[in-house]
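Reading the structure
The chain contents come next:
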Protein chains: 2
Amino acid sequence: MRLALVQTAPRMLEPRANLESALALMEPLAADVYLLPELCFSGYTFDRKEEVAATAEPAGEGEVFDALAAFARERQAYVCWGFPERAGERFYNSASLVGPDGHVGTYRKVHLFSRETLFFSPGDAPAPVYDLPFGRVGLMICFDWFFPEMARSLALRGAELLLHPANLVLPHCPQAMITRSLENRIFSATCDRVGTETNGATTHRFIGSSQVVSPRGELLARLGREQQETAVVEFDLAAARSKRLGEYNDLFGDRRPNFYALASR
Amino acid sequence: MRLALVQTAPRMLEPRANLESALALMEPLAADVYLLPELCFSGYTFDRKEEVAATAEPAGEGEVFDALAAFARERQAYVCWGFPERAGERFYNSASLVGPDGHVGTYRKVHLFSRETLFFSPGDAPAPVYDLPFGRVGLMICFDWFFPEMARSLALRGAELLLHPANLVLPHCPQAMITRSLENRIFSATCDRVGTETNGATTHRFIGSSQVVSPRGELLARLGREQQETAVVEFDLAAARSKRLGEYNDLFGDRRPNFYALASR
């Protein structure tokens, strides 16, 4: 399969311009999955709930969804992106996957970071795993990387590739995702944004560094820290199916859950 | 507290010479905990079970234990090291902790790596956490790093510092232990060996790179890849007690165990 990292530089609260700009980056790329960052059309640095409301869409509906669904249908491909999801009175920091036949599913971020907690409700269901023609993909969003249980849970439920839209402001995630791939013997694709965003009293500087990692912890691609940039990486998800590590070990078979006492302090 | 990394270069099946050589490295160092590698007096590359039997000691007994217990008593300090443990007819790849008042406890490695499975029984209990005068320490051994549940379980049970004797032959552990410290907001100390060891048809080349990592993922020390070497690192385990990450997050409070579905494939 071919995965396109689409590392964008969205402008705050300009979803239509951001959508046009992302589609212009995606247009020349030939891929089976196009992966975009977290909250990549609305912008990230919300200051008031009204700004979330103004840019939110219900899962599987809305202007952004329709444009990406049309792209997916035309290309016979999948697109994964982060957006503010409207669900009744609530908003979630969500990521959707759309394919040739329409909406595959939407994941609501379980671990909200920092001021996201002021604007979004935490996700209300486990992260999903989807069976696609080229293999099984799991979704997680940005700060979910910090919790090893997330990637582990997705891998134990069969995910061979993590699609991981992000808006990274801390330096550690790109290296930590190498550990997530290694420890679960899966591919991981993190798509971050670049640029600096100020709204109200808050400024965020994003680190780019979007990347794809193999099940053996090899960096198959890593983009720069400053620029809008894309890469198409080709790999075979079959490499994530065996958890064998040499002649004597199997990473999932060797787990000893009875000894992973989790009693809280 | 002050922790001494004692990165040695043991010779296969020469426990007495290896002990003398380690004590000579430890002698000039002033520390509260002296951390040594896995299987650091027997050597690592066993070819026959008789070799394990010839170098094994029961937990809390034997020539190696007695010498390190005497050192701990004299220095009013703790020593942690890896050794082949004899328990009736079985052998474990174990690590002991001894302090001023004698044997604190012994951990039997839960995740055996590669040909270790030919000579050792897998550990039969969770990894331990000990309450010491300067804070709480958890024990894990080498390949345990690959399983995120190990460090997580130790941290959730209160460990503020991981003592991690190792014999590293793969390149990934030093970087991955930075992730282990970050994701659990704890100190970790990994003590590896150096050198090349051949026995029978098997050769291992060890990567050194012993290190101490802070709860924020800072490398407080990292030794070289080739030489016997020591370092004493001073830090305060209080820094591992709060799991706060900024104003809005608490790494343990934010966990969502109901959503960490672990159903096997």
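Just so it is clear, the model here is predicted, and its values are computed rather than measured.

Details of the pattern of salt bridges
One pass over the structure, following the stated rule, counts 38 salt bridges over all chains. As a salt-bridge pair, A:Glu226 and A:Arg205 come within 3.0 Å of each other at their nearest N and O atoms. With a gap of 21 residues between them, A:Glu226 in the loop between β13 (219–222) and β14 (229–234) and A:Arg205 in strand β11 (residues 202–207) connect regions that are remote in the sequence. B:Arg11 is paired through a salt bridge with B:Glu14; the nearest N and O atoms lie 3.7 Å apart. Connected through salt bridges with shared partners, the residues A:Arg180, A:Glu183, B:Arg180 and B:Glu183 form a single ionic network.

Digging into the packing of helix α1 (residues 15–26) of chain B against helix α3 (residues 63–75) of chain B
All names here are of chain B. The contact between α1 and α3 brings their axes to 10 Å, and the two run at 15°. Overall, the two elements α1 and α3 adopt an arrangement that is roughly parallel. Taken as a pair, α1 and α3 cross one another with a handedness that is right-handed. Residues Arg16, Leu19, Leu23 and Met26 of α1 form the contact with α3, whose participating residues are Glu63, Val64, Ala67, Leu68, Phe71 and Arg75. Considering only residue class, the contact of α1 with α3 consists of 7 nonpolar, no polar and 3 charged.

Some thoughts on the relation of the copies chain A and chain B
For the pair chain A and chain B, the best superposition has an RMSD of 0.0 Å and corresponds to a rotation of 180° with a translation of 0.0 Å parallel to the axis. The transformation just described matches what one would write down for a two-fold rotation axis. Closest approach to the rotation axis among the C-alpha atoms of chain A is made by A:Pro148, whose C-alpha sits 3.2 Å away. Taken together, the interface assignments show that 100% of the residues at the interface of chain A recur at the interface of chain B, consistent with an identical surface on both copies.

Focus: the side chain of A:Glu183
With respect to the helices and strands, A:Glu183 occurs in helix α6 (residues 173–184). Overall, A:Glu183 belongs to the buried group, its relative accessible area being 2%. At 2.6 Å, the side chain of A:Glu183 and the side chain of B:Arg180 are in polar contact. Residues within four places of A:Glu183 in sequence aside, it is in contact with A:Pro148, A:Arg152, A:Leu251, B:Phe146, B:Pro148 and B:Arg180.

Concerning the sheet that holds strand β6 (residues 129–132) of chain B
Residue and element names in this part refer to chain B. In space, the 6 strands of this open sheet follow the order β6-β7-β8-β9-β12-β13, with mixed pairing throughout. The two strands at the open ends of the sheet, each matched to only one other strand, are β6 and β13 (219–222). With strand direction ignored, the average angle separating the axes of adjacent strands in the sheet is 15°. Note that strand β12 (residues 211–213) and β13 share 3 bridges and pair antiparallel. Bridging from a neighbouring strand, Gln211 pairs with Arg222 of β13. Seen against the sheet, helix α6 (residues 173–184) touches β8 (161–165), β9 (187–191), β12 and β13 and runs at an angle of roughly 25° to β12.

With respect to the interface of chain A and chain B
Taken together, the contacts link 51 residues of chain A with 51 residues of chain B. Where chain A abuts chain B, roughly 4500 Å² becomes buried across the two surfaces, and 63% of that area is made up of carbon and sulfur atoms. On the surface where chain A and chain B come into contact, there are 6 salt bridges. Where A:Arg255 meets B:Glu149, a salt bridge forms, and the shortest distance between an N and an O atom there is 3.0 Å.

Some points on unusual backbone geometry
Even without glycine at this site, A:Arg185 takes up a positive phi of about 50°. Relative to the elements of secondary structure, A:Arg185 occurs in the loop between α6 and β9 (187–191). Of note, B:Leu39 is a non-glycine position whose phi angle comes to about 40°, a positive value. Mapped onto the fold, B:Leu39 is located in the loop between β2 (33–35) and α2 (49–55). Here B:Leu39 falls in the buried class, since its relative accessible area comes to 0%.

Considerations on helix α5 (residues 148–156) of chain B
By the criterion of burial, α5(B) is predominantly enclosed, with 9 of the 9 residues buried. B:Gly158 occupies a position one or two residues after α5(B) and carries a positive phi of about 110°.

Comments concerning the environment of A:Met140
All names here are of chain A. Following the sequence through the fold, Met140 ends up in the loop between β7 (135–139) and α5 (148–156). Distance from Met140 to Gln7, taken between C-alpha atoms, is 17 Å for residues 133 residues apart in sequence. Look past the residues within four positions of Met140 in its chain and what remains in contact with it is Tyr107, Trp145, Met150, Ala151, Leu154, Leu162, Leu163, His164, Pro165 and Met177.

Looking at the sheet that holds strand β3 (residues 78–87) of chain A
Residue and element names in this part refer to chain A. In space, the 6 strands of this open sheet follow the order β5-β4-β3-β2-β1-β14, with mixed pairing throughout. Only two strands of the sheet have a single neighbouring strand rather than two, namely β5 (102–108) and β14. If you compare each strand with its neighbour and ignore which way they point, the axes differ by 30° on average. On top of the sheet, helix α1 (residues 15–26) reaches β1 (2–7), β2 (33–35), β3 and β14; it is set at about 140° to β1, its chief contact.

Describing α6(B)
The terminal C-alpha atoms of α6(B) lie 16 Å apart, and with 12 residues this matches the ideal 16 Å at 1.5 Å per residue to within 8%. Buried residues dominate α6(B), accounting for 11 of its 12 residues.

Topic: the confidence of the model for chain A
In low-pLDDT segments, the atomic positions of the prediction should not be examined closely. Looking at chain A, the pLDDT average stands at 97 and 98% of residues meet or exceed 70. If you check the scores for this complex, the pTM reads 0.97 and the ipTM reads 0.97.

Notes on the packing of aromatic side chains
Residue and element names in this part refer to chain A. Across all of its chains, the model carries 26 aromatic pairs over all chains by this definition. Ring centres of Trp145 and Phe146 lie 4.6 Å apart, and the angle between their planes is 35°; on these two criteria the pair is classed as tilted. Taking relative accessible area as the criterion, Trp145 reaches 3% and is therefore assigned buried. Joined through ring pairs, the aromatic side chains of Phe113, Phe143, Trp145, Phe146 and Phe147 make up one cluster.

Rules used throughout
Residues numbered from 1 in each chain as written. Chains lettered and ligands numbered in written order. Predicted model: local features only at pLDDT ≥ 70, side-chain atom pairs only at ≥ 80, totals over all residues. Heavy atoms only, no water. Salt bridge = Lys/Arg side-chain N within 4 Å of Asp/Glu carboxyl O. Helix = DSSP H or I, 4+ residues; strand = E, 2+ residues; numbered from the N terminus. Axes fitted to C-alpha atoms, helices over the stretch in contact; angles between N-to-C directions. Parallel < 35°, antiparallel > 145°, perpendicular 65-115°, else oblique. Left-handed = near helix turned anticlockwise from the far one by under 90°. Contact = heavy atoms within 4.5 Å. Nonpolar A, V, L, I, M, F, W, Y, C, P; charged D, E, K, R; others polar. Least-squares fit on C-alpha atoms with pLDDT ≥ 70 in both. Buried < 20%, exposed > 50% of the residue type's maximum accessible area, 1.4 Å probe, protein only. Polar contact = N/O pair within 3.5 Å; in protein donor to acceptor, adjacent residues only side chain to side chain. Pairing = 2+ DSSP bridges. Buried area = accessible area lost by both parts, 1.4 Å probe. Expected span 1.5 Å × (residues − 1). pLDDT = per-residue confidence, 0-100. Phe/Tyr/Trp six-rings, centres within 6.5 Å; stacked < 30°, edge-to-face > 60°.

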